[in-house]
Amino acid sequence: MFTRILIANRGEIALRIIRAARELGIETVCVYSQADADAPWLEFADRTICIGPGPAAESYLRIDRIISAAEIANVDAIHPGYGFLAENSHFAGVCRDCHIEFIGPSPEAMATLGDKLSCRAMARATGTPIFPGSKEAIEDIEEAVTLAAEIGYPVIVKATAGGGGRGMRVARNEVTLRTAVGAASHEAQAAFGNGAVYVEKFLENARHVEIQVLGDKHGQAVHLFDRDCSTQRRHQKLLEEAPAPGVDPRKRDAVAKSAVEMIRRAGYAGAATVEFLMDREQNFYMLEVNTRVQVEHPVTEMITGIDIVKTMIRIAAGEPLQIKQRDIAVSGHAIECRINAEDPDRGFIPQPGLVTDFVTPGGPGVRLDTHVRSGYRIPTDYDSLIAKLIVHGRDRDEAIARMRGALDEFRIGPIKTTIGLHRRLMDQRPFIDAEYDIHYLERMLSNESAGEAPVPA
Ligand code: ADP
């Protein structure tokens, strides 16, 4: 096992990794930016090293500075968390060249699954269901037009290097497709330095269901069942739950099995999430693979009792997976609400600033992953996620009731947050009945701003 690891991240996930390392008897080194100099989680690290100014491009994204810190502190491994460098295969490669273990997949496995086209090829080879669409990047517009006619409109043009919802355009007919290809390619070139795009079928009113997978360095892989992350705004997840409500276990098991096979075939070691869209008939279509720990990993931990972050560290240290698929079972239901420092009444604009009022919820089945405390000043430089409130109940109804109570107890001020929004969501009939899709939250928000009374629960 490692003696010391470096955490190349900040906020709640840095604290989450510190906690996992501490339980494993591993020392932690946190790198931080000047904007995070007084940050609470740094108190719990064994050592801290400043790597530059607030903007991430000058600190948390600076591979040279992170590697220097790792050399100075003499660490065995680096945990990248999520975001920043977590899915950067170049960074994973630099770590390897420097004989520092990257707590995640090899650069090769990351590159194969991170590129949407090679990931689709891997899915095809392992029977993982995908949308009908391109096998190769689009060479010219006529090719896209022919393919779209074959699979039928609507279609979506996507960047092979895509991420964060950029480089995507929906086309409902040939005229819009002709402009969509150029626009998506242009945007992808600017965002990723790679303008390659492809076309696939576009599914309306889908649900987002994903499978958590773990693979080790000895060719073993297991899945930890599914999560539903359909509650989104502008493709950003706001609430996640596990297991995905109402999914036929046979369909779920078949898809999960194929996801495991894909991870194994890619020689993948670490935690991965295979994301799918699911239609009304519960057909699954793979979207992409995330080659890192996810923000929403706690809901899976709550229903399986498996510590995903600790397992990632063990896998990176070369330990074989201790758990067999037959021993992994779902217990109860878990929900996570992302508490963002944003003002939902004013277009979700970020709310940096001083937190003076911070009263946290508690009680049975309530978990709070946060780096915030009273007196903490939220910096302007980073993502607005300030807390993840997770509840676990015997079943979904109990989890919802528990979440209502926890949200009522949770007080953060004077800054605005998404707590009230989540609280209203808990009373919406479609949410209670799990009759939602990826547009549901946006529909609820536009009904609210139109002054329509909510559907009473
Ligand atoms: P990114 O890597 O940029 O996040 P994804 O492939 O994960 O891109 O897609 C992001 C979101 O775009 C999905 O959650 C979904 O809302 C929408 N989307 C992507 N592909 C499709 C599709 N084929 N049909 C319908 N919606 C899609």
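Given the structure is predicted, the values throughout are model-derived calculations rather than measurements. The numbering scheme is per chain: residues are counted from 1 as the chain's sequence reads. Residues qualify for local features only when their pLDDT is at least 70, as the model is predicted, and side-chain atom pairs are given and counted only at 80 or more; totals for whole chains, interfaces and linings, by contrast, use all residues. Heavy atoms from the whole structure form the basis of all side-chain values; hydrogens and water molecules are not counted.

K.L.:
What's the story with the domain arrangement of the protein chain in this structure? I'm lost.
P.N.:
Size of an interface: often given as the accessible area lost when the parts come together. Partitioning the protein chain into domains gives domain 1 (4–103), domain 2 (132–201) and domain 3 (207–449). For domain 1 and domain 2, the distance between their C-alpha centroids amounts to 36 Å. Note that domain bounds follow an automatic or database assignment of domains.

K.L.:
Which parts of the structure should I look at to understand the site of the ligand?
P.N.:
By convention in this text, a residue qualifies as near a molecule or strand provided that one of its non-hydrogen atoms is within 4 Å of it. If you check the shell around the ligand, you find 20 residues, and the closest are Lys 116, Lys 158, Gly 165, Lys 201 and Glu 288. Under this definition, polar contacts are N or O atom pairs within 3.5 Å; protein pairs additionally need one hydrogen-donor-capable and one acceptor-capable atom, and for neighbouring residues in sequence, both atoms have to be side-chain atoms. Between the ligand and the protein, one listed contact pairs an oxygen atom with a side-chain N or O atom of Lys 116 at 2.7 Å. Within the side chain of Glu 200, a nitrogen or oxygen atom sits 2.9 Å from a nitrogen atom of the ligand. Residue burial considers only the protein chains on display, and all accessible areas are found by Shrake-Rupley using a 1.4 Å probe. Starting from 550 Å² of accessible surface for the ligand in isolation, the protein chains cover 93%. Counting from the N terminus, the helices are DSSP H or I runs at least four residues long and the strands are E runs at least two residues long. At four residues, strand E6 (residues 155–163) tops the list of elements feeding residues into the shell around the ligand. Of the residues that make up the shell around the ligand, three or more belong to each of domain 2 (132–201) and domain 3 (207–449).

K.L.:
Could you clarify how one ought to interpret the sheet that holds strand E2 (residues 27–32) in this entry?
P.N.:
Strand pairing in a sheet is mediated by backbone hydrogen bonds. Such pairs are either parallel or antiparallel. With parallel pairing, the five strands of this open sheet are ordered in space as E3-E2-E1-E4-E5. The sheet terminates laterally at strand E3 (47–50) and strand E5 (101–102), the two strands that pair on one side only. Any two strands with at least two DSSP-identified bridges between them are counted as paired. Where strand E4 (residues 77–79) lies against E5, two bridges are found, and the strand directions are parallel. The partner of Ala 77 across the bridge, within E5, is Glu 101.

K.L.:
Sorry, what's going on with a negative patch on the surface here?
P.N.:
Together, Glu 136, Glu 139, Asp 140 and Glu 143 line one region of the surface with negative charge. Along the chain, the position of Glu 143 falls in helix H6 (residues 141–151). Surface patches are drawn from residues lacking salt bridges whose relative accessible area is over 30%; two like charges belong together within 9 Å, two nonpolar side chains (Val, Leu, Ile, Met, Phe, Trp, Tyr) within 5 Å. Here, a salt bridge means any side-chain nitrogen of Lys or Arg that lies within 4 Å of a carboxyl oxygen of Asp or Glu. When charges are tallied, Lys and Arg are placed among the positive residues and Asp and Glu among the negative ones, while His and the ends of the chain are skipped. Note that the charge is assigned to NZ on lysines, CZ on arginines, CG on aspartates and CD on glutamates.

K.L.:
Looking at this structure, how should I read the packing of aromatic side chains?
P.N.:
In this description, an aromatic ring pair is defined by two values, namely the gap between the centres and the angle between the planes. Paired rings are identified among Phe, Tyr and Trp, the last through its six-membered ring, by centres lying within 6.5 Å, and are further divided according to the angle between planes into stacked (under 30 degrees), edge-to-face (over 60) and tilted (the rest). Applying the stated criterion to the full structure yields eight aromatic pairs. Measuring from centroid to centroid gives 6.4 Å for Phe 84 and Tyr 382, while their planes differ by 85°, and the two rings are edge-to-face. Note that Phe 84 is positioned in the loop between E4 and helix H3 (89–97) and Tyr 382 in the loop between strand E20 (377–378) and strand E21 (385–393), a separation of 298 residues in sequence. Buried residues are those whose accessible area, probed at 1.4 Å on protein chains only, stays under 20% of the maximum for their type, while exposed residues exceed 50% and partly exposed ones sit between those limits. Since its relative accessible area comes to 12%, Tyr 382 is described here as buried. Pairwise contacts between aromatic rings join Tyr 60, Phe 84 and Tyr 382 into one cluster. We call a charge positioned over a ring when the NZ of a Lys or the CZ of an Arg lies within 6 Å of the ring centre and within 35 degrees of the ring normal. The residue whose ring lies beneath Arg 396 is Phe 431, and the NZ or CZ to ring-centre distance is 4.9 Å.

K.L.:
What is the right way to look at the pattern of salt bridges in this model?
P.N.:
One side chain can pair with another of opposite charge once the charged atoms of both are near each other. In this structure the tally under the stated criterion is 44 salt bridges. When the shortest N-O distance is used, the salt bridge between Glu 241 and Arg 396 registers 2.7 Å. Highlighted residues: Glu 241 in strand E11 (residues 236–242) and Arg 396 in helix H11 (residues 396–409), separated in sequence by 155 residues. Here the two residues Glu 241 and Arg 396 agree in accessibility, since each one is buried. A salt bridge links Arg 338 to Glu 296, with the shortest nitrogen-to-oxygen separation between them at 3.1 Å. On the criterion of sequence distance, the pair formed by Arg 338 in strand E14 (residues 333–340) and Glu 296 in the loop between strand E13 (284–290) and helix H9 (297–304) is long-range, its members being 42 residues apart. In terms of burial, Arg 338 and Glu 296 fall into one category: buried. Put simply, Glu 210, Arg 227, Lys 237, Glu 240, Glu 275, Glu 296 and Arg 338 are held in one network by salt bridges that share partners.

K.L.:
Can you help me understand the nonpolar core in this one?
P.N.:
Grouped burial of nonpolar side chains is what soluble globular proteins tend to show. For the purposes of this section, nonpolar cores are sets of buried Ala, Val, Leu, Ile, Met, Phe, Trp, Tyr and Cys residues that join through side-chain atoms within 4.5 Å. Counting 99 residues, the largest nonpolar core has Leu 6 and Ile 78 as its most contacted members. Residue assignment places this core across two domains, with domain 1 (4–103) and domain 3 (207–449) each supplying three or more. Non-local contacts of Ile 78, meaning those with residues more than four positions away in its chain, are made with Leu 6, Ala 8, Ile 66, Ile 67, Ala 70, Phe 91, Cys 95, Ile 100, Glu 101, Phe 102 and Ile 103. The next biggest cluster of nonpolar side chains, apart from the first, holds 27 residues, and it includes Val 247, Val 255, Val 274 and Met 278. In what follows, a contact means two residues having at least one pair of non-hydrogen atoms within 4.5 Å.

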